[in-house]
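These are the residues of each chain, in order.
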Amino acid sequence: MASPAVLRPLPPQPPPPSSSSTDLRAHRRATIRGLDSCASMTELRQYHSQIVRLGLAADNDAVGRLLKFCALSPSGDLAYALRLFSHLPRPDPFVFNTLFRAQPASAPRSALLYSDMLQRPVHPNEFTFPSLLQSIAADRELGLGRQVHAHVLKLGFGADGYSGNNLLHMYLSCGLLAEAHSLLDAMPHRDVVSWTTMISGLSQSGLLDDARKLFDEMPERNSVSWNAMIAGYVQGGRFKEASKLFDQMQAEGVELDRYVAASMLSACTGLGALEQGQWIHRYIERSGIELDSKLATTIIDMYCKCGCLEKAYEVFSGLSRKGLSSWNCMIGGFAMHGRGEEAIKLFKEMEKEGVMPDDITLLNVLSACAHARLVHEGRHYFEYMVQAYHIEPRMEHFGCMVDLLGRAGLLEEAKKIIDEMPMEPDAGVLGALLGACKIHGNVELGEQIGRRVIELDPQNSGRYVLLANLFASAGRWEDVANVRRLMNDRGVNKEPGCSVIERNGVVSEFIAGGRSHPQAKEIYAKVDEMMERIRAEGYVPDTGGVLHDTDEKNKDHSLYYHSEKLAIAFGLLHTKSGETIRISKNLRVCRDCHAASKIMSRVFDREIIVRDRNRFHHFKGGECSCRDYW
DNA sequence: CACCGAGCGG
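Residues numbered from 1 in each chain as written. Chains lettered and ligands numbered in written order. Predicted model: local features only at pLDDT ≥ 70, side-chain atom pairs only at ≥ 80, totals over all residues. Heavy atoms only, no water.

## Overview of helix H16 (residues 274-287)
For clarity, the cut-off: In this description a helix means any DSSP run of H or I spanning at least four residues, a strand means any run of E spanning at least two, and both kinds are numbered starting from the N terminus. Multiply 1.5 Å by the residue count of a helix minus one, and that product is the helix's expected span. Relative accessible area decides the class of each residue, using a 1.4 Å probe on protein chains only: under 20% of the type maximum gives buried, over 50% gives exposed, and in between gives partly exposed.
Under the 1.5 Å per step criterion, the end-to-end length of H16 is 20 Å for 14 residues, consistent within 8% with the ideal 20 Å. If you check which residues of H16 are buried, you get Leu274, Gln276, Gly277, Ile280, His281 and Ile284. One or two steps after H16, the chain reaches Gly288, where phi turns positive at roughly 75 degrees.

Structure representation (structure tokens):
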């Protein structure tokens, strides 16, 4: 009854045996042309048999087109392409060049194919080297790259811009910056791609300032070049410079495309700049930039990490097709806001929709449990991930469990996880236990773990401070001094606390005790007023976290001017009453700021949202969303 | 018969 679904018209059928040779030629042309609009392997097989029947099995023109579809189309079939290739008696350069472009490529395989090409011999043309060099660059096979470079010159393609730019890319990927520079100087036809390749290569080698110098000097720029530089800053964590360059790009009237939009969303995420991020999001909607699952996830991540879970969820639930990364991102969003139940609910929804979770999904679920004190659930999912999905816990999963158990006060159980895990715990895992020891005042275990952590990761200032704080809480001032001395001897500096707040799209930065802000005087006066107000409401400075063994009054004052309090003062000065104050900071919220922020949210009737290194705190009506569990 | 297919930077 039901006929099979025919999605596309069938290719032209063979001509009747009586037809003339003119008809045959026309038919042959039509078949070859039709191939260029082929959409599926099923259809391709029909064309293939057609071509064989027409006696074109050895025809590079016809088989080359078949091979192009099999090798390059997302609905193609690489194995089929290789079979076609092996049955071609005299493949031409086009056939070889097409195979170089096929994914997944690898440098050794491309090299093998290239030497096959040379032995036959089939002569490489200018289209041969770009794709060959791509796979060599991706695998950083410098030795092969140098040999191919020699061939490019010997075979007379030294002046070809595409080959030159790809050689440049290859040297940059292999980290040979000097070679890249001299190649660029020697290139006869430097173009915007050559410069952009250099900028991106230097950025990826961490030489952002060199890249910027080149960027400023290059004769011509397009949106790809701007994005190379902006993305470089973002990758290097230099979000403010990314944002400044973006403003310059806008001023010069360069088109904001999806790539620049994605880079800028990441910059906003890094800065916690909600308004700017929202502007980019609206721009994407207005300009009709296609919202693929990757870009959507970038937007969701921006909203999550800028403290706006509701907007994140709105975008998430509006997606018609949710990719794994979107689910992961949203679950992670609930986790970092301490909304563990909702994270778990979303995970169950994901399972119900038949989406297969991965190790990141489960990491986010465990992290959600850790931030919400869901010890029971955390234990469950730690077992469940292996049983249900055969996902073996990695280092990070163990770290999450140590964090979950340790923070809940189950130090012995956390220690047991570390002792029994199949790999050597890294500084992150041990650091989680150290943090738990600090919270629960277990100096003996903390000291033992702390010393191990510091030796594993001697440049990380946070762990020294944690250990020193632990000693301080036990009144062991001599050990505090020893830790400080160790830091000094090793040249490790305490990372200064830094908070940022955005107002009218402008990001202001405050450093603890810093006075470089133009309105410093006003802000400090506001802090004093704030602290006075909350003291009257029962706030008592918590000097437990202050290391200096000085008198209490000095300690109070160093607490007053923590970056977070400066940022809140700025927020109170510059926002309308009732408006939410959003702050992002580089370190974790200290106990004193946490207590003060709670009272301030009540006294000034403001919602204060703080993103710290680990998670979010929503202060409202005298309470914090973390329920003092962080 | 001769034509052509196609390669780079985010």
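## Remarks on the domain arrangement of chain A
This is how the line gets drawn: Where a domain begins and ends is set by an automatic assignment or by a domain database. We call two residues in contact whenever any of their non-hydrogen atoms come within 4.5 Å of each other. In short, buried area is how much 1.4 Å probe accessible area vanishes from two parts on joining, totalled over both. Salt-bridge detection follows one rule: a side-chain nitrogen of Lys or Arg within 4 Å of a carboxyl oxygen of Asp or Glu.
What the domain assignment lists for chain A is domain 1 (393-495) and domain 2 (498-624). Distance between the C-alpha centres of domain 1 and domain 2: 27 Å. Each side of the interface is counted separately: domain 1 has eight residues, and domain 2 has seven residues. For the pair domain 1 and domain 2, the two sides together bury roughly 780 Å², of which 49% comes from carbon and sulfur. Here domain 1 and domain 2 share one salt bridge between them. The residue Glu495 makes a salt bridge to Arg613 at a minimum N-O spacing of 3.0 Å.

## Structural notes on the packing of helix H11 (residues 192-204) against helix H12 (residues 208-217)
Counted only if it meets this: A fitted line through C-alpha atoms serves as each axis, taken over the contacting stretch for helices, and the angle formed by two N-to-C directions is quoted from 0 to 180°. For classification purposes, angles smaller than 35 degrees are called roughly parallel, those larger than 145 roughly antiparallel, those between 65 and 115 roughly perpendicular, and all remaining angles oblique. Two helices cross in a left-handed way if the nearer one is turned anticlockwise from the farther one by less than a right angle. They cross in a right-handed way if the turn is clockwise.
It is the contact of H11 with H12, at a shortest axis distance of 7 Å, that shows an interaxial angle of 165 degrees. As summarised for this structure, H11 and H12 are arranged roughly antiparallel, according to the angle between their axes. Seen from above, H11 lies across H12 with left-handed handedness. Contact residues: H11 offers Trp195, Met198, Ile199, Leu202 and Ser203, while H12 offers Leu208, Asp210, Ala211, Leu214 and Phe215.

## Details of unusual backbone geometry
The phi torsion of most residues other than glycine is negative, and most of the peptide bonds are trans. The peptide bond linking Gln103 to Pro104 adopts the cis configuration, its omega dihedral lying at 0 degrees. Phi is positive for Arg373, which is not a glycine, with a value near 60 degrees. Positionally, Arg373 belongs in the loop between helix H21 (359-371) and helix H22 (375-389). One non-glycine residue, Asn504, lies in the positive phi region at around 50 degrees. Here Asn504 lies in the loop between strand S1 (498-503) and strand S2 (506-511).

## Observations concerning the protein's contact with DNA strand B
What counts, and what does not: By convention in this text, a residue qualifies as near a molecule or strand provided that one of its non-hydrogen atoms is within 4 Å of it. Polar contact is the term for a pair of N or O atoms within 3.5 Å; when the atoms are in protein, one must be able to donate a hydrogen and the other to accept it, and sequence-neighboring residues count only if both atoms are side-chain atoms. For this classification, Asp, Glu, Lys and Arg are treated as charged, while Ala, Val, Leu, Ile, Met, Phe, Trp, Tyr, Cys and Pro are nonpolar and the rest, including Gly, are polar.
Looking at DNA strand B, there are 34 residues lining it, with Glu126, Gln134, Asp160, Asn165 and Asp257 nearest. Here, DNA strand B places atoms within 4 Å of the protein, and 33% of those atoms are sugar or phosphate. The separation between a base nitrogen of DNA strand B and a polar main-chain atom of Asn60 is 3.3 Å. In the model, a base oxygen of DNA strand B is placed 3.3 Å from a nitrogen or oxygen of the Asp92 side chain. Listed by contribution, the elements that provide at least two residues to the surface near DNA strand B are helix H3 (60-72), helix H5 (93-101), helix H7 (128-138), helix H9 (161-173), H11, helix H13 (223-235) and helix H15 (258-271). In terms of residue class, the surface near DNA strand B is made up of ten nonpolar, 15 polar and nine charged.

## A look at the packing of H15 against helix H17 (residues 293-305)
Relative orientation of the contacting elements H15 and H17 amounts to 20 degrees, with a least axis distance of 9 Å. The pairing of H15 with H17 is recorded here as roughly parallel in orientation. Every pair of crossing elements has a handedness; the one defined by H15 and H17 is left-handed. Side by side, H15 and H17 meet where Arg258, Ala262, Leu265, Ser266, Cys268 and Thr269 of the first sit next to Leu295, Thr298, Ile299, Asp301, Met302 and Lys305 of the second. Tallied by class, residues from the contact of H15 with H17 come to six nonpolar, three polar and three charged.

## Some remarks on the UniProt feature "repeat: PPR" (unreviewed entry) in chain A
The condition that has to hold: UniProt positions are given in the numbering used here, feature names are shortened, and annotations may be inferred rather than shown by experiment.
Within this structure's numbering, the places UniProt gives as "repeat: PPR" (unreviewed entry) are residues 191-221, 222-256 and 323-357. Within residues 191-221, the helical portion is 74% and the strand portion 0%, while the C-alpha atoms at the span's ends are 10 Å from each other.

## Focus: the pattern of salt bridges
One pass over the full model with this rule turns up 31 salt bridges. Arg476 serves as the salt-bridge partner of Asp479, at 2.8 Å between the closest nitrogen and oxygen. Overall, the relative accessible area of 18% leaves Asp479 in the buried class. Here Glu529 ties to Lys526 by a salt bridge, and the two come within 3.5 Å at their closest N and O atoms. Residue Glu529 and its partner Lys526 are located together in helix H29 (residues 520-536), separated by three residues, close to a single helical turn. A cluster of three or more residues bridged by salt bridges with shared partners is formed by Glu447, Arg451, Arg476 and Asp479.

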